Amino acid sequence: MKDDILALVGRGNPLFEKDIENNERELSDTVSSSRFLVIGGAGTIGSAICRELFDRNPKVLHVVDISENNMVELVRDIRSSKGYGDGEFATFAIDCGSPIFEAFIEGQKKRIGGYDYIFNTSALKHVRSEKDPYTLMRMIDTNIFNTDETMRMASDMGARKYFCVSTDKAANPVNMMGASKRIMEMYLNRRSETMPVSTARFANVAFSDGSLLYGFNKRIEKGQPISAPCDVRRYFVTPKEAGELCLLSCLTGKNRDIYFPKLDEELNLVTFSSIAEKYLENLGYEPVKCATEQEARDRVSELKVARKYPVYFFESDTTGEKDFEEFYTSDETLDMGRFDSIGIIKNNLNYEGSKLDEFTKQIKALKDRGYWERDELIALFNEMIPNFNHKETGKFLDGRM
């Protein structure tokens, strides 16, 4: 299925091929002479970054992730596909928000002199994570405060660059996940006074862990129907393209640059339902639309015999779902000429320190109190982002098939 991803999302050619080729000497020279830490490196984007780095023979490549199982698969995949490099490659099953991680960083500063470049891809990325106040608070910790703290550590060790993944949902956010990344960008801007930083606003990474397209594979594997919204349009990049975008942003980006893929609204915005149909046709099935979830569940065995497959398409009505995606807002300054397939948002040093401090103080107060309501967190986000247009419907994705 990996070889067919481009066709499924309506593209014929890899997006960043020319930009990688034009910058390959700089990328290879930098990687081969540098030490790298990839946080969240066993996820889809993080592991793609690791493969791009490993291909260019880094002096040190260390990977941190809380998923021990995914880390094992990353090592097996690299050893089985790429083999061994000249440098040190090691993985560590550590939570980047823990005291153990701080001890790890101190230990590596003493042992190898620290890291030259730090990629942070750890995140709670799902819109569904805002459904309850507890997961939502963990999203705030992971996406905002852990990022701020690991960037401080990068600055303290004298790293050359810190890179962090943002999201297209940070532009005019309508959900808490996108808003948390927008607030994260504000904290990064403040840290950029002492630590060079660049980031990337992503399209959806096709078949990334936990994504709807990843779910298609699981539904087929388990003999279950496929369900998707028919009115939500998204941009998509492949996992390899995700790794390339991060690599280019980190190693070629200026301080405070945000990279994003140049994708055309007319050509590249596609619905999940259209991908589902192409996906099934690629597997040799004819999609059969069902009127209800129950009908779709009931007809799997019957239809599979005839090389058909039940699908249930619906109009989205859940909290935080944006009808379409965008990478930048009208008041952001763009550089569209430097790369063939990448645009750059150029940010000046611009932050309200008192506002960030107050947000930090209020979140700490809620934690110290020992309980908090979802509405309290949404109110704090509204204070941080005055034009935050939170799309609240009272329904969540966990209520869907």
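What comes next concerns the included structure. (Residues numbered from 1 in each chain as written. Predicted model: local features only at pLDDT ≥ 70, side-chain atom pairs only at ≥ 80, totals over all residues. Heavy atoms only, no water.)

## A word on the state of the cysteines
Okay, step 1: Taken as a whole and judged by the stated rule, the model has zero disulfides.
Okay, step 2: Left without a disulfide partner, Cys250 is nearest to the cysteine sulfur of Cys246, which lies 8.8 Å away.
Okay, step 3: On the basis of relative accessibility, which here comes to 2%, the residue Cys250 falls in the buried class. (Disulfide = S-S within 2.5 Å. Buried < 20%, exposed > 50% of the residue type's maximum accessible area, 1.4 Å probe, protein only.)

## Examining the pairing of strand E5 (residues 161–165)
For a regular strand, side-chain orientation follows a simple rule: the groups alternate between the two sheet faces.
Okay, step 1: In terms of burial, E5 is a largely internal element, five of the five residues being buried.
Okay, step 2: Taken together, strand E4 (residues 117–120), helix H6 (residues 133–156) and E5 constitute a β-α-β crossover, and its handedness is right-handed.
Okay, step 3: Relative to strand E6 (residues 197–200), E5 is paired through four bridges, and the arrangement is parallel. Its bridge partner being in E6, Phe163 is matched across the sheet by Ser198.
Okay, step 4: Where the polypeptide runs from E5 across helix H7 (residues 176–191) and back to E6, its parallel neighbour, the crossover connection is right-handed. (Helix = DSSP H or I, 4+ residues; strand = E, 2+ residues; numbered from the N terminus. Right-handed = clockwise from strand over helix to strand, strands pointing away. Pairing = 2+ DSSP bridges.)

## Points about the nonpolar core
Okay, step 1: Counting residues in each nonpolar core, the largest one holds 48 residues, and the members touching the most others are Phe101 and Phe359.
Okay, step 2: Apart from residues no more than four positions distant in its own chain, Phe359 is found in contact with Ile140, Ile144, Phe145, Ile183, Tyr187, Leu380, Phe381 and Met384.
Okay, step 3: Core analysis: the second largest hydrophobic core is formed by 46 residues, Phe89, Ala200, Leu269 and Phe327 among them. (Core = buried A, V, L, I, M, F, W, Y, C linked by side-chain atoms within 4.5 Å. Contact = heavy atoms within 4.5 Å.)

## A look at the pattern of salt bridges
Okay, step 1: Applying the stated criterion across every chain, the model contains 29 salt bridges.
Okay, step 2: A salt bridge links Asp116 to Arg35; the nearest nitrogen and oxygen atoms lie 2.8 Å apart. Separated by 81 residues along the polypeptide, Asp116 in the loop between helix H5 (99–112) and E4 and Arg35 in strand E1 (residues 35–39) bring together distant segments of the chain. We note that Asp116, like Arg35, is buried.
Okay, step 3: Residue Lys240 pairs with Glu52 through a salt bridge whose shortest N-O separation is 2.8 Å. (Salt bridge = Lys/Arg side-chain N within 4 Å of Asp/Glu carboxyl O.)

## Some words on the side chain of Asn204
Okay, step 1: Take Asn204: it is sitting in strand E7 (residues 204–205).
Okay, step 2: Residue classification places Asn204 among the buried residues on the basis of a relative accessible area of 19%.
Okay, step 3: Every residue in contact with Asn204, bar those within four places of it in the chain, is listed here: Asp168, Lys169, Arg234, Tyr235, Phe236, Val237 and Phe272.

## Considering the environment of Glu286
Okay, step 1: Here Glu286 shows up in strand E13 (residues 286–289).
Okay, step 2: Sequence separation between Glu286 and Lys304 is 18 residues, and the spatial gap between their C-alpha atoms is 9.3 Å.
Okay, step 3: When residues no more than four places from it in sequence are discounted, the contact partners of Glu286 are Arg307, Lys308 and Tyr309.

## Some points on the packing of helix H8 (residues 212–221) against helix H11 (residues 272–282)
Okay, step 1: At their nearest, the axes of H8 and H11 sit 11 Å apart, and the two run at 40° to each other. The two elements H8 and H11 cross, and the hand of that crossing is right-handed. Across the interface between the two elements, Leu212, Leu213, Phe216, Asn217 and Ile220 from H8 touch Phe272, Ile275, Ala276, Tyr279 and Leu280 from H11.
Okay, step 2: Grouping the amino acids of the contact of H8 with H11 by side-chain chemistry returns nine nonpolar, one polar and no charged. (Axes fitted to C-alpha atoms, helices over the stretch in contact; angles between N-to-C directions. Left-handed = near helix turned anticlockwise from the far one by under 90°. Nonpolar A, V, L, I, M, F, W, Y, C, P; charged D, E, K, R; others polar.)

## Regarding the sheet that holds strand E3 (residues 88–92)
Okay, step 1: Pairing in this open sheet of nine strands is mixed, and the strands run E3-E2-E1-E4-E5-E6-E11-E16-E15 from one edge to the other. Of all the strands in the sheet, just E3 and strand E15 (333–335) have a single pairing partner and so form its edges. The mean inter-strand angle of the sheet, taken between neighbouring strand axes irrespective of direction, is 20°.
Okay, step 2: Direction of pairing for strand E11 (residues 257–261) relative to strand E16 (residues 342–346): antiparallel, over a ladder of four bridges. Bridging across to E16, Ile258 finds its partner in Ile345.
Okay, step 3: In this fold H5 packs onto E1, strand E2 (60–64) and E3, with an angle of close to 170° to the strand it touches most, E2.

## Points about the sheet that holds strand E8 (residues 226–229)
Okay, step 1: An order of E8-E14-E13 is seen for the three strands of this open sheet, with the pairing classed as parallel. Edge positions in the sheet fall to E8 and E13, since each of these pairs with one other strand and no more. Ignoring strand direction, the axes of neighbouring strands in this sheet form an average angle of 35°.
Okay, step 2: Two strands pair when backbone bridges link them, and E13 and strand E14 (residues 308–314) are joined in this way by four bridges, in the parallel orientation. Each bridged residue has a counterpart across the sheet, and for Val288 the counterpart in E14 is Pro310.
Okay, step 3: H8 contacts E8 and E14 of the sheet and is inclined by roughly 160° relative to E8.

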